[in-house]
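Each chain is listed here by its residues.
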Amino acid sequence: MDSKTQTELEAAAFRRLRDHLRNRTDVQNIDLMDLAGFCRNCLSRWYQESANEMGIKMDKDEAREIVYGMTYGDWKRRYQTD
């Protein structure tokens, strides 16, 4: 497999994971951390770090909005439980 195809497949897998997590608002970040060792915030941090490594300025809030599909504050108000 050539590197372009591999990158396209990895990007598609990321989008699928992102969309799955957006749709599963019933699953809390703490549950993800307990089960998988990462959560939506981890995913957004990795996204931000990758962007920054490529010279793309991105802050934590911008990266979280990409992963959550809305601002983190909005997501917390709508879906986060105690």
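The structure displayed is predicted, hence computed values, not measured ones. (Residues numbered from 1 in each chain as written. Predicted model: local features only at pLDDT ≥ 70, side-chain atom pairs only at ≥ 80, totals over all residues. Heavy atoms only, no water.)

Q: So what's going on with the overall build of the protein chain? Residues and values would help.
A: Check the secondary structure of the protein chain and you find 5 helices and 0 strands. Of the regular secondary structure in the protein chain, the N- to C-terminal order runs α-α-α-α-α. Summarising its shape, the C-alpha atoms of the protein chain cover approximately 45 × 25 × 20 Å along the three principal directions. Within the protein chain, buried positions represent 26% of all 82 residues. Residue pairs at least 24 apart in sequence account for 38% of intrachain contacts in the protein chain once pairs closer than 6 positions are excluded. Carbon together with sulfur atoms contributes 50% to the accessible area of the protein chain, which is approximately 6000 Å² in total. (Helix = DSSP H or I, 4+ residues; strand = E, 2+ residues; numbered from the N terminus. Buried < 20%, exposed > 50% of the residue type's maximum accessible area, 1.4 Å probe, protein only. Contact = heavy atoms within 4.5 Å. Areas by Shrake-Rupley, 256 points an atom, 1.4 Å probe, with all protein chains shown as cover.)

Q: Residues and numbers for the environment of Cys39, please.
A: Residue placement: Cys39 occurs in the loop between α2 (29-36) and α3 (40-53). Since its relative accessible area comes to 7%, Cys39 is described here as buried. Taking C-alpha positions, Cys39 is 9.2 Å from Leu21, a pair spaced 18 residues apart along the chain. Excluding anything up to four places from it in sequence, Cys39 contacts Asn29, Leu32 and Met33.

Q: Describe α3, with residues and values.
A: Residues lying three or four places apart along an α-helix face the same way, a consequence of the helix completing one turn every 3.6 residues. End to end, α3 covers 20 Å across 14 residues, agreeing with the expected 20 Å (1.5 Å per residue, within 8%). Of the positions making up α3, those classed as buried are Arg40, Asn41, Cys42, Leu43, Ser44, Gln48 and Ala51. On its buried side, α3 packs onto α1 (3-23), α2, α4 (60-68) and α5 (72-79). Once α3 ends, the next one or two residues include Gly55, with phi positive near 85°. (Expected span 1.5 Å × (residues − 1).)

Q: So what's going on with the packing of aromatic side chains? Residues and values would help.
A: Evaluation of the coordinates by the stated rule reveals 5 aromatic pairs. Each ring, one from Phe14 and one from Tyr47, has its centre 5.5 Å from the other, and the planes form 25°; the classification is stacked. Of this pair, Phe14 sits in helix α1 while Tyr47 is found in helix α3, placing the two residues 33 residues apart along the sequence. Given the relative accessible area of 32%, Tyr47 is considered partly exposed. Centroid distance Trp75 to Tyr79: 5.8 Å. Interplanar angle 50°. Geometry classified as tilted. Placement of both Trp75 and Tyr79 in helix α5 is noted, with a separation of 4 residues, approximately one turn of the helix. (Phe/Tyr/Trp six-rings, centres within 6.5 Å; stacked < 30°, edge-to-face > 60°.)

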